[in-house]
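Tertiary structure, described
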Amino acid sequence: MNTFDHDDYITLVEQNYFGSVMKENIAGVVSCFTDDCEVLIYKGNETPRRCCGSPTVGQNPLAAFYEQPFIHYETVVEDFEHTIDVSAHRCASNFNVT
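Owing to the predicted nature of the structure, the values given are computational and were not obtained by experimental measurement.

**Looking at the overall build of the protein**
- Helices and strands together make up the secondary structure of the protein, namely 3 helices and 5 strands.
- What you see in the protein, going N to C, is helices and strands ordered as α-α-β-β-β-α-β-β.
- Viewed in the frame of its principal axes, the protein has a C-alpha envelope of about 35 × 30 × 25 Å.
- Taken over 98 residues, the protein has a buried fraction of 20%.
- On the protein, the mean spot of the 5 positive side-chain charges and the mean spot of the 15 negative ones are 10 Å from each other.

**Concerning the nonpolar core**
- Ranked by size, the top nonpolar core spans 12 residues in total: Val13, Tyr17, Phe18, Val21, Val29, Cys37, Val39, Ile41, Cys51, Leu62, Tyr66 and Val77.
- Of all the elements in the fold, those that place two or more residues in this core are helix 1 (6-22), strand 1 (38-41) and helix 3 (62-72).
- The biggest single contributor to this core is helix 1, with 4 residues.
- Once you skip the residues sitting within four places of it in the chain, valine 77 turns out to touch Phe18, Met22, Phe95, Asn96 and Val97.

**So, the packing of aromatic side chains**
- This model, assessed by the stated rule, comprises 6 aromatic pairs.
- Pairing tyrosine 17 with phenylalanine 18 gives two aromatic rings, centres 4.7 Å apart and planes at 85°, and the pair type is edge-to-face. Accessibility classification places tyrosine 17 together with phenylalanine 18 in one group, the buried group.
- Among the aromatic side chains, those forming a connected cluster through ring pairs are Tyr17, Phe18, Phe33, Phe80 and Phe95.

**Comments concerning the sheet that holds strand 3 (residues 60-61)**
- Overall, mixed pairing links the 3 strands, which are arranged 1-2-3 in an open sheet. Since the sheet does not close on itself, it has two edges, and those belong to strand 1 and strand 3, each with one partner.

What counts as what
- Residues numbered from 1 in each chain as written.
- Predicted model: local features only at pLDDT ≥ 70, side-chain atom pairs only at ≥ 80, totals over all residues.
- Heavy atoms only, no water.
- Helix = DSSP H or I, 4+ residues; strand = E, 2+ residues; numbered from the N terminus.
- Buried < 20%, exposed > 50% of the residue type's maximum accessible area, 1.4 Å probe, protein only.
- Lys, Arg positive; Asp, Glu negative; His and termini not counted.
- Charge placed at Lys NZ, Arg CZ, Asp CG, Glu CD.
- Core = buried A, V, L, I, M, F, W, Y, C linked by side-chain atoms within 4.5 Å.
- Contact = heavy atoms within 4.5 Å.
- Phe/Tyr/Trp six-rings, centres within 6.5 Å; stacked < 30°, edge-to-face > 60°.
- Pairing = 2+ DSSP bridges.

See below:
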């Protein structure tokens, strides 16, 4: 059972996840996800790409999504606005990326 409080969600999003993104720490980014996660990435008109925490044969590992941006771009994430529902174990965040 999730025991996160409001501030834990902010720490997870801003420091653990996006802090790792900005440090180009792929292992730190991936550690923010559960083993059974699936992330669907949409990019323009391309076919969506699916990345998995524990991929099986033919599936992309979650880390593969993060390797490409780190090769080409320095990322800065700021101006966070969070909507957190602790009782439902959910958090949504809006932010600016440059």
